[in-house]
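# Commentary on secondary and tertiary structure
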Amino acid sequence: MEEYLAQAQELAEQLTPQEWAYIGGGFLFFLIIMMAIRRSRKRRKVRVKKASNIRLHSFQIAPLGRDAFVKIRNTGEPAVLSGLKIVGRDDMIIKNAFAGQKIDQNKEYGIFLEVNGREKIQPGFLLEVTILGPNGQVQKSTLKVAN
C-alpha cells in the first residue's frame, strides 16, 4: 500500500500546472454531466406522477337489465382512449366506437354496454381501459364496475 502511495505522490509531483488544469476541467465536466443526468431522471419521475388517471365516474343499468351506461373520468393529464375490454363477461359487448377518443383533463366519456346472451347485466365485472398518455406511454387501468 505504501508503495502505491509513493508512486502516486511521485506522479503528482511530475505533473505540470497545465496538466492539473486539464484534469480539473475533466473532473468538472464529469460532475456537470452527472448532475444533468440526475436532473433529467427527476423530471421523468415527475412526468410519470402527472400521467393520466382514469376513474369510474358513474354506472347505470337500464330497467330491463339488457343495457348499461358507464362513465369514466380522466382526473390526470389529457389522454387518448385506445382500448376497452370487459373482463369476466363474455356475453357483453361495447356498442360505441372508442378507439382514438381524446379524454381531456377532468372530462368524462360515456360507454354504452349491451348483453348478447340471456343473462342480465349485474354489477361487479371489470372494465380494462387502455390509454395513450401525453408522452406516448401506454397505461392500463382496471376498473371494478359496481353501483
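Computed from a prediction, not measured in an experiment: that's the story for all the values here.

## Structural notes on the confidence of the model for the protein
- Within the protein, residue pLDDT values average 83, and 92% of them lie at 70 or more.
- Confidence drops under a pLDDT of 50 for residues 46-51, and excluding neighbours within four residues, the segment shows six contacts in the predicted structure.

## Examining the nonpolar core
- Counting 23 residues, the largest nonpolar core has Ile72, Leu81 and Val129 as its most contacted members.
- Those elements that provide at least two residues to this core are strand S1 (54-61), strand S2 (67-74), strand S3 (79-87), strand S6 (107-115), strand S7 (125-132) and strand S8 (138-145).

## What to know about unusual backbone geometry
- Even without a glycine there, the phi angle at Asn106 is positive, about 60 degrees.
- Its location among the elements puts Asn106 in the loop between strand S5 (101-103) and S6.

## Some points on the sheet that holds S8
- Strand order in the open sheet formed by four strands is S5-S3-S7-S8, and the pairing between neighbours is antiparallel. Both outer strands of the open sheet, S5 and S8, are each paired with one neighbouring strand and no more. Along the sheet, successive strands turn relative to each other by an average axial angle of 40 degrees, direction set aside.
- Pairing of S3 with S5, which is carried by three bridges, proceeds in the antiparallel orientation. Of the residues in S5, the one forming a bridge with Val80 is Lys102.

## Observations concerning the pattern of salt bridges
- Taken as a whole, this structure holds six salt bridges when the rule is applied.
- One salt bridge connects Arg73 with Glu108, and the closest N-O pair in it is separated by 2.9 Å. A residue pair is termed long-range when its members are at least 10 positions apart, and Arg73 in strand S2 and Glu108 in strand S6 qualify at 35 residues.
- For Glu108, a relative accessible area of 36% puts it in the partly exposed group.
- The closest approach of N and O atoms between Lys95 and Glu114, which form a salt bridge, is 3.9 Å. Within this pair, whereas Lys95 is found in the loop between strand S4 (92-94) and S5, its partner Glu114 is found in strand S6, the two being separated by 19 residues in sequence.
- By relative accessible area, which is 44% here, Lys95 ends up partly exposed.

## Observations regarding helix H1 (residues 2-14)
- Helix length check: H1 (13 residues) gives 19 Å between terminal C-alpha atoms against 18 Å at 1.5 Å per residue, within 8%.
- The buried count for H1 comes to zero of 13 residues, which makes it a mostly uncovered element.

Quick notes on the rules
Residues numbered from 1 in each chain as written. Predicted model: local features only at pLDDT ≥ 70, side-chain atom pairs only at ≥ 80, totals over all residues. Heavy atoms only, no water. pLDDT = per-residue confidence, 0-100. Contact = heavy atoms within 4.5 Å. Core = buried A, V, L, I, M, F, W, Y, C linked by side-chain atoms within 4.5 Å. Buried < 20%, exposed > 50% of the residue type's maximum accessible area, 1.4 Å probe, protein only. Helix = DSSP H or I, 4+ residues; strand = E, 2+ residues; numbered from the N terminus. Pairing = 2+ DSSP bridges. Axes fitted to C-alpha atoms, helices over the stretch in contact; angles between N-to-C directions. Salt bridge = Lys/Arg side-chain N within 4 Å of Asp/Glu carboxyl O. Expected span 1.5 Å × (residues − 1).

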